[in-house]
Amino acid sequence: MAFDLLIRNGTLVDGSGMPRYLADVGVKQGQVAEIGRICSPADETIDAEGMIVAPGFIDGHTHMDAQVAWDPLGSCSCWHGVTSVVMGNCGFALAPCKPEAREWFAECLEAVEDIPKDAMVAGIDWRWETFPEYLAAVESFPKSINYAAYIGHSALRMYAMGDRALDQEAGEDDLKLMADLVQEALEAGAMGLSSSRATTHIRPDGGPVASRIASWAEIAHLVHAMADLNAGIFQVGPDVSGGEAQRAFLDELAKIAVSSRRPLMLGVLSTRQGDDPNPLEYQFEWMDRVAAEGGRVLGQATTRSINALFSLKSYLPFDALPVWSDIRGLPVEQQQARFRDPEIRASLVAAEAGMQPRSTEFQGGGAATTNPRKPDYANLFPMFDVHWDDPSIDELARTSGRNPVEVMLDLMTENEDLLFVQPLVNEAPEEVRRMLESPRSLATFSDSGAHVCQEMGSSLQTHLLSYWVRNRQAFTLEEAVRMLTFENAAAWNMHDRGLLRPGFAADIVIFDEAKVQPRLPTVQHDLPGGARRLVQKADGIAATVVNGAVTLKDGEPTGAQPGQLIRSEAAHV
């Protein structure tokens with residue numbers, strides 16, 4: 001047999017968790033056709049000697065719903081070995097949506113997920129209304145990775161109820177219409193229904209997003225509509241406020257999981273925020289109880305802390321303070337000059353001293369607000385490298401005898417690209433390790449495509465490989481690859497992905513296990529209309545293959561766009 005692509009001499013870590021082995025991989029018509037010692041010719045050959053050959057990584061928690069319309073590459077996920085993503089998480093989606101509501105949807109995505117509205121207006125050819133029409137549009141877009149999508153509860157509610165969705169419970173007719181639309185979406189290929197109960201999910205006018213207005217009876221009705229088709233996953237952004245509120249949320253969720261028997265996914269988080277945070281153990285014990293009662297629950301875990309990132313070129317914690325805001329709109333060089341001026345510097349330090357201390361209220365990502373809080377300098381770190389062992393601003397201030405603000409000013413004048421990292425949740429690495437070790441958790445919570453200038457979770461996969469496998473030796477490479485491939489493919493019922501096996505889709509990543517790691521993020525103005533975002537690439541990845549075509553070589557795009565729309569098993573199209 002002549003192959004389209006032949007990967008020779010690689011060390012296969014095939015996604016199963018079994019030990020690695022030396023083999024060639026032959027690819028034909030987008031699928032793995034043969035594995036072993038292959039002597040047949042091929043149109044294209046990659047010599048992978050000394051490299052790991054693994055299935056393409058799968059990320060089940062992204063917000064690339066808008067980005068897919070303008071970014072064929074699928075960045076930044078594509079640079080970290082990701083070949084398939086699931087978007088539409090937490091109830092936020094672009095369909096169903098009536099034409100007159102498009103601007104509102106864009107404003108909501110900007111308010112909650114920090115996707116610039118101007119970029120969406122400039123970059124989206126919004127040619128759909130219904131969810132099946134949205135999937136058809138995604139299928140038609142040029143793309144270098146694969147996409148699957150949920151129908152979002154907030155979008156669904158706004159479509160069915162209009163403005164009533166923002167302050168009223170659904171009536172009988174509303175419930176019927178929404179249930180019908182959920183089933184229509186599943187039959188078109190939706191992965192399921194997503195929603196949110198997170199108190200940090202606020203719409204532009206300050207009120208809760210539409211899904212948070214829904215009663216638990218409404219949520220149960222929609223999940224049971226999926227159960228009637230025996231299809232669909234229910235993904236929910238959890239109430240992370242802690243204490244009794246979070247426990248009540250989990251109790252209600254358990255009832256739905258057990259009664260519907262549909263798979264349920266939610267983020268598992270460890271946090272020091274809030275007045276009464278529930279420990280990580282409580283969340284795992286809750287999942288065990290639900291499973292014992294017949295429900296199926298999977299936690300979505302990060303591979304490091306979820307952070308707010310600050311920089312001279314994006315946001316700083318002080319941006320809302322008048323003396324700071326007068327400077328922050330200037331070109332970078334002029335800002336640095338003012339930071340060096342002793343009189344101006346003194347006024348900046350004095351302004352920070354007047355900020356309110358950090359409260360115990362749970363806070364999400366983001367930068368300056370109309371009610372800014374003084375940073376916790378013991379939990380704010382300059383990002384000198386990607387090894388996550390940098391000293392805090394508080395440490396640097398104490399050892400140098402300077403004010404923490406002066407430390408930040410000095411660092412920014414020395415390096416205009418320096419980022420500061422503020423862990424928000426999953427602050428303790430050992431807590432993250434426990435999440436990843438749990439058999440009820442998936443390594444899949446990147447938020448890629450969202451918080452584009454505030455957070456950078458798209459490096460979830462290369463961080464796992466470099467920090468937890470190589471540096472900390474907490475997992476074997478075989479374990480980590482299985483977490484990123486087969487476990488996620490199985491969770492989303494992607495039956496032909498996640499393993500290197502004949503007949504499976506040829507989604508493949510080739511990397512150097514001794515060198516793979518994320519690079520430092522940079523601020524770029526590469527969104528439609530010139531809007532800014534954080535961009536993070538990776539080292540050590542030699543090639544990425546999607547559906548049999550090489551899409552990246554040494555991090556550079558080849559121009560191939562073989563990405564597909566992944567429809568759920570319930571699809572009737």
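Residues numbered from 1 in each chain as written. Predicted model: local features only at pLDDT ≥ 70, side-chain atom pairs only at ≥ 80, totals over all residues. Heavy atoms only, no water.

Right, let's get into the overall build of the protein. When helices and strands are tallied, the protein shows 18 helices and 27 strands. For 573 residues, the compact-globule formula gives about 25 Å, and the C-alpha radius of gyration of the protein, at 24 Å, lands near that figure. Looking at the protein alone, contacts between residues at least 24 apart form 74% of all its contacts between residues at least 6 apart. Carbon and sulfur atoms provide 48% of the accessible area of the protein, an area that totals close to 21300 Å². In the protein, 48 positive and 80 negative side-chain charges are present, and the distance between their average locations comes to 2 Å. (Helix = DSSP H or I, 4+ residues; strand = E, 2+ residues; numbered from the N terminus. Rg over C-alpha atoms; globule rule 2.2 N^0.38 Å. Contact = heavy atoms within 4.5 Å. Areas by Shrake-Rupley, 256 points an atom, 1.4 Å probe, with all protein chains shown as cover. Lys, Arg positive; Asp, Glu negative; His and termini not counted. Charge placed at Lys NZ, Arg CZ, Asp CG, Glu CD.)

A few words now on the sheet that holds strand β8 (residues 82-87). Across the sheet, 3 strands lie side by side as β6-β8-β9; this open sheet has parallel pairing. Where the open sheet ends on each side, the last strands, each with one partner, are β6 (57-59) and β9 (146-149). If you compare each strand with its neighbour and ignore which way they point, the axes differ by 15° on average. The pairing of β8 with β9 spans 4 bridges and is parallel. The partner of Val86 across the bridge, within β9, is Ala148. (Pairing = 2+ DSSP bridges. Axes fitted to C-alpha atoms, helices over the stretch in contact; angles between N-to-C directions.)

Time to look at the confidence of the model for the protein. Per-residue confidence for the protein gives a mean pLDDT of 94; residues scoring 70 or more make up 96%. Segment residues 365-370: pLDDT under 50, and 13 contacts once partners within four positions in sequence are set aside and those in other chains are kept. (pLDDT = per-residue confidence, 0-100.)

With that out of the way, let us pick up the pairing of strand β17 (residues 419-425). Strand residues, when the strand is regular, have side chains that alternate between the two faces of the sheet. A large share of β17 lies buried, amounting to 7 of its 7 residues. Where strand β15 (residues 306-311) lies against β17, 6 bridges are found, and the strand directions are antiparallel. Within β17, the residue paired with Ala308 across the bridge is Gln422. (Buried < 20%, exposed > 50% of the residue type's maximum accessible area, 1.4 Å probe, protein only.)

Across the sheet, 6 strands lie side by side as β10-β11-β12-β13-β14-β18; this open sheet has parallel pairing. Bordering the open sheet on either side are β10 (151-152) and β18 (441-443), each of which pairs with just one other strand. Pairing analysis gives 4 bridges linking strand β13 (residues 264-267) to strand β14 (residues 297-301), with the strands arranged parallel. Of the residues in β14, the one forming a bridge with Leu264 is Val297.

Of the volumes computed, that of the second largest pocket is approximately 400 Å³. Forming the boundary of the second largest pocket are 23 residues, of which Phe381, Trp388, Pro423, Glu427 and Pro429 lie nearest the centre. For the lining of the second largest pocket, the secondary-structure elements that each account for two or more residues are β16 (381-382), β17, α15 (429-437) and α16 (460-471). Looking at the lining of the second largest pocket element by element, the count peaks at 3 residues for α16. In the lining of the second largest pocket, the residues fall into 12 nonpolar, 5 polar and 6 charged. (1 Å grid on protein atoms, 1.4 Å probe; cavity = no way out; pocket = protein on both sides within 12 Å on 5 of 7 lines; lining within 4 Å. Points joined across faces, edges and corners; volume = space filled by probe spheres on them. Nonpolar A, V, L, I, M, F, W, Y, C, P; charged D, E, K, R; others polar.)

Within the secondary structure, Arg197 is located in the loop between β11 (192-196) and α6 (210-213). Each C-alpha atom, one on Arg197 and one on Ser459, is 26 Å from the other, the two residues being 262 residues apart in sequence. Apart from residues lying up to four places away in sequence, Arg197 is in contact with Ser211, Arg212, Ala214, Trp216, Ile219, Val236, Gly237, Pro238, Asp239 and Phe249. Here Ser211 takes part through its backbone oxygen, which lies 2.9 Å from a polar atom of the side chain of Arg197. (Polar contact = N/O pair within 3.5 Å; in protein donor to acceptor, adjacent residues only side chain to side chain.)

With that settled, the discussion passes to empty space enclosed by the protein. Empty space among the atoms becomes apparent when a probe as large as a water molecule is rolled across them. By the definition in use, this model includes 9 cavities of 30 Å³ or more. Taken as a whole, the largest cavity holds about 150 Å³ of empty space. Contributing to the lining of the largest cavity are 13 residues, with Phe92, Phe105, Cys108, Ser154 and Ala155 lying nearest its centre. For the lining of the largest cavity, the leading source of residues is helix α1 (residues 102-113), giving 4 residues. When the residues that make up the lining of the largest cavity are grouped by side-chain class, the tally is 11 nonpolar, 2 polar and no charged.

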